[in-house]
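The primary structure of each chain is shown beneath.
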Amino acid sequence: MIRKLTSRDHEQLFSFLQEETSFNLFIIGDIEAFGYEEDFQEIWGEFAEDGTLNAVLLRYYDSYIPYARSSFNVSAFAEMMKSKHNSIQLSGKTEVVEQFEKVEEFPLGKKRVMYFCECTSDTCVKEETSFDIKIATIEDVDRIIELRSGIFEFKTTPSTRRMLLKSIETKTGRTYYIEENGKIVSSASTTAENSLSAMVVGVCTDERYRQKGYASAIMQKLIKDLISEGKRLCLFYDNPKAGNIYKRLGFNDIGTWTMYR
């Protein structure tokens, strides 16, 4: 049986999701931030005959994240998505979302697979840094966007500023930065912060200020602060060189994440 979930299902749902906290940080974060009654967000659950929760599907606007630990009714979830949108934005743990590739006439977009890693300890973090690392406020948003816009690897869109602003306002994300002469030259952000975890995004440094250890110092500060709050950090990467840098800071691969856009 598949049905829409409500606040009455919260305890059972979170017990299910916490089996793999990191892979479910987006689902957990959206539920904690927006609950079960918003029109832009819905959560469905598939239940076994004995009432055990077997799989979930989150809709956030036109984006979907499914999660299951065993076999589930892929076709039924696919039909639900198709009934609401002609073009499906789907993402999730690779082993789960790749099952939708077998569904006929299911409009998946371009596929991208990334490594998924997490950090649960600050043992690799240095205690002190000589850099003045600040936490961004709403007034800093345009300067952060200016930094990202000047970096080739980053793709900024009109929604980038809106999403960054919203994360600060709702406290579902934070940005640490270093500035020189009033200009932000290096930063790193979190998004989808919830009571258990956070996703690291937007790690960048202006090309003219690289090789100074800025990004590494910011990441160490970020790790130390969030671990002290009892949260684990997660991030995606598809560049092995970048992956090695994160691993030196205490991140470990736990699988892969696939997106269809």
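I will try to describe carefully the structure that is included in this document. (Residues numbered from 1 in each chain as written. Predicted model: local features only at pLDDT ≥ 70, side-chain atom pairs only at ≥ 80, totals over all residues. Heavy atoms only, no water.)

1. Considering helix 5 (residues 141–149)
Consideration 1: Along helix 5, the residues classified as buried are V141, I144, I145, L147 and R148. One side of helix 5 carries all its buried residues, which in axial view fall inside an arc of 155°.
Consideration 2: In this structure, the buried side of helix 5 is in contact with helix 6 (158–170), strand 8 (175–180), strand 9 (183–191) and strand 10 (197–205). (Buried < 20%, exposed > 50% of the residue type's maximum accessible area, 1.4 Å probe, protein only. Helix = DSSP H or I, 4+ residues; strand = E, 2+ residues; numbered from the N terminus. Arc of directions from axis to C-beta. Contact = heavy atoms within 4.5 Å.)

2. Observations concerning the environment of E42
Consideration 1: Position of E42 relative to the elements: it lies in strand 2 (residues 41–47).
Consideration 2: For the pair E42 and Y61, spaced 19 residues apart in the sequence, the C-alpha separation amounts to 8.7 Å.
Consideration 3: When neighbours within four sequence positions are excluded, E42 is seen to be in contact with K4, L57, L58, R59 and K84.
Consideration 4: Separated by 2.8 Å, the side chains of E42 and R59 make a polar contact.
Consideration 5: Of the polar contacts made by the side chain of E42, one reaches the side chain of K84; its length is 3.4 Å. (Polar contact = N/O pair within 3.5 Å; in protein donor to acceptor, adjacent residues only side chain to side chain.)

3. Observations regarding the environment of I227
Consideration 1: With respect to the secondary-structure elements, I227 resides in helix 7 (residues 214–228).
Consideration 2: The buried category is assigned to I227, whose relative accessible area is 17%.
Consideration 3: With 13 residues separating them along the chain, I227 and P240 place their C-alpha atoms 24 Å apart.
Consideration 4: Leave out the neighbours within four places in its chain, and I227 touches C119, T120, S121, D122 and L233.

4. Side note on the packing of aromatic side chains
When we look at a pair of aromatic rings, we describe it by the centre distance and by the angle of the planes.
Consideration 1: If you walk through the whole model with that rule in mind, you get 18 aromatic pairs.
Consideration 2: The cationic tip of K93 hangs over the ring face of F23; the distance from NZ or CZ to the ring centre is 5.1 Å.
Consideration 3: It is K166 that lies over the ring of F40; its NZ or CZ is 5.9 Å from the centre. (Phe/Tyr/Trp six-rings, centres within 6.5 Å; stacked < 30°, edge-to-face > 60°. Lys NZ or Arg CZ within 6 Å of the ring centre and 35° of its normal.)

5. Points about unusual backbone geometry
Consideration 1: Of note, Y61 is a non-glycine position whose phi angle comes to about 55°, a positive value.
Consideration 2: Of note, Y61 is situated in the loop between strand 3 (53–60) and strand 4 (63–68).
Consideration 3: In the Ramachandran plot, A192 falls in the positive-phi region, its phi being about 55° despite a non-glycine side chain.
Consideration 4: Tracing the backbone shows A192 in the loop between strand 9 and strand 10.

6. What about the side chain of Q220?
Consideration 1: Tracing the backbone through its elements, the reader meets Q220 in helix 7.
Consideration 2: Not counting residues up to four positions away in its chain, the partners in contact with Q220 are C124, V125, K126 and L249.

7. Brief notes about the sheet that holds strand 8
Paired through backbone hydrogen bonds, the strands of a sheet run either parallel or antiparallel to each other.
Consideration 1: In spatial order, the strands read 1-2-3-4-5-12-6-11-10-9-8-7; together these 12 strands make up an open sheet with mixed pairing. A single partner strand is all that each edge strand has here, and the edge strands are strand 1 (2–4) and strand 7 (134–135).
Consideration 2: Bridge count between strand 9 and strand 10: 5 bridges; the pairing is antiparallel. Pairing of T191 across the sheet is with M199, part of strand 10.
Consideration 3: Of the strands in this sheet, strand 8, strand 9 and strand 10 are in contact with helix 5, which crosses strand 9 at around 100°.
Consideration 4: Of the strands in this sheet, strand 6 (111–119), strand 8, strand 9, strand 10 and strand 11 (232–237) touch helix 7, which is tilted by about 35° from strand 9. (Pairing = 2+ DSSP bridges. Axes fitted to C-alpha atoms, helices over the stretch in contact; angles between N-to-C directions.)

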